[in-house]
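# Coordinates in review
Spelled out from the first residue to the last, the chains are:
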Amino acid sequence: MTISTIRILPAIAAAVLAATACSSGEAAERWSVSNSQIGPVTARTAFDRDTLAGLLPAFNVVEAEAWSEGMAYPVIEARRSTGGEAEIVFVGEGERLLAVRIRTGGLVEASADIGDSAGEAGLVGPLCVAGMEERSGDVHCDDPDMAGLSYWISVDYAGPDGMLPPADIIAGGSVYEIVWRTVGK
């Protein structure tokens, strides 16, 4: 009887941890990615706070602004808690969704995850371009296997704006954002 209790306790503990994770808003599974969707979001999803909030019940979804080349543009941000950085940023134009930016690890099933080394993820090569303006010094690499999916990589490089660092520097960089773009409606 003692042996049975010892075997059951770990199973009970795992069930309690899983229930706690789900109730705290953590995703039970990682989002799958294809050309037509990322997790519950598709190319046809409206760029609308209420629509996105309905798809992401475990997230606090709010309208916000982002900046590019000195100009503000509307975004919708999603967080699992009310404080801190946005974990997911939705970019659109009017009611049309254009892109989803993932800024937290463990959410998306892709070639690379947030925090991964660019070299280990195979993101060094001809599919990479140098960041410019606000992203100067960073590198943007397309996913080698999927159109519409790309990665922003932070590198230790202080070259001129628009200059791609050497491959060994890119390889040592760290993925900090995954971008999925709608490639069709």
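This structure is a prediction, so every number in the text was calculated from the model and none was measured.

### Notes on the overall build of the chain
The helix and strand inventory of the chain stands at three helices and ten strands. Burial status across the chain gives 35% buried among its 185 residues. Contacts spanning at least 24 positions in sequence make up 50% of the contacts within the chain whose residues lie at least 6 apart. Accessible surface computed for the chain: about 10,200 Å², of which carbon and sulfur atoms make up 54%.

### Side note on empty space enclosed by the protein
Using the criterion set out here, one finds one cavity of 30 Å³ or more in the structure. For the lining of the largest cavity, the residue count by class is five nonpolar, five polar and two charged.

### A few points about the confidence of the model for the chain
On average, residues of the chain score 83 in pLDDT, and 84% of them are at 70 or above. Low pLDDT, under 50, characterises residues 1–27; the predicted model gives this stretch seven contacts beyond four residues in sequence or across chains.

### Brief notes about the sheet that holds strand β7 (residues 128–130)
Read from one edge to the other, the open sheet built from eight strands follows the order β3-β4-β5-β6-β10-β9-β8-β7, with strand pairing classed as antiparallel. The open sheet is flanked by β3 (60–68) and β7, the only strands paired with a single partner. Averaged over all pairs of adjacent strands, the angle between their axes in this sheet comes to 25°, without regard to strand direction. With six bridges connecting them, strand β9 (residues 149–154) and strand β10 (residues 174–181) associate as antiparallel partners. Following the sheet pairing, Y151 is matched in β10 by I178.

### Observations concerning the state of the cysteines
Counted under the stated rule, the structure contains one disulfide. Two residues, C128 and C141, share a disulfide whose sulfurs are 2.0 Å apart. Of note, the bridge from C128 to C141 carries an S-S torsion of about 110° and is right-handed in sense. Here C128, found in strand β7, pairs with C141, found in strand β8 (residues 138–142); they are 13 residues apart in sequence, far enough to count as distant.

### Observations concerning the pattern of salt bridges
A complete count under the given rule lists seven salt bridges for this structure. A salt bridge links R49 to D50; its shortest N-O distance comes to 2.6 Å. Exposure remark for D50: the relative accessible area of 52% places this residue in the exposed category. Its salt-bridge partner being R80, residue E87 comes within 2.8 Å of it at the nearest N-O pair. Accessibility expressed as a relative area gives 13% for E87, which makes it buried. For R80, a relative accessible area of 24% puts it in the partly exposed group. Salt bridges here are not isolated pairs; linked through shared partners, they connect R30, E109 and D113.

### A few points about unusual backbone geometry
Generally, phi is negative for residues other than glycine and the peptide bonds are trans, each holding for most cases. One non-glycine residue with positive phi stands out, namely E133, at about 55°. In this fold, E133 is placed in the loop between β7 and β8. What makes E133 partly exposed here is its relative accessible area of 46%.

### Details of the layout of surface pockets
Here the largest pocket defines a volume of roughly 520 Å³. As for the largest pocket, its lining consists of 20 residues, and the residues nearest its centre are S68, Y73, R101, R135 and W152. Secondary-structure elements contributing two or more residues to the lining of the largest pocket are β3, β6 (96–102) and β10. Per-element tally for the lining of the largest pocket: the top contributor is β10, with four residues. Considered class by class, the residues forming the lining of the largest pocket number ten nonpolar, two polar and eight charged.

Reading the values: rules and limits
- Residues numbered from 1 in each chain as written.
- Predicted model: local features only at pLDDT ≥ 70, side-chain atom pairs only at ≥ 80, totals over all residues.
- Heavy atoms only, no water.
- Helix = DSSP H or I, 4+ residues; strand = E, 2+ residues; numbered from the N terminus.
- Buried < 20%, exposed > 50% of the residue type's maximum accessible area, 1.4 Å probe, protein only.
- Contact = heavy atoms within 4.5 Å.
- Areas by Shrake-Rupley, 256 points an atom, 1.4 Å probe, with all protein chains shown as cover.
- 1 Å grid on protein atoms, 1.4 Å probe; cavity = no way out; pocket = protein on both sides within 12 Å on 5 of 7 lines; lining within 4 Å.
- Points joined across faces, edges and corners; volume = space filled by probe spheres on them.
- Nonpolar A, V, L, I, M, F, W, Y, C, P; charged D, E, K, R; others polar.
- pLDDT = per-residue confidence, 0-100.
- Pairing = 2+ DSSP bridges.
- Axes fitted to C-alpha atoms, helices over the stretch in contact; angles between N-to-C directions.
- Disulfide = S-S within 2.5 Å.
- Salt bridge = Lys/Arg side-chain N within 4 Å of Asp/Glu carboxyl O.

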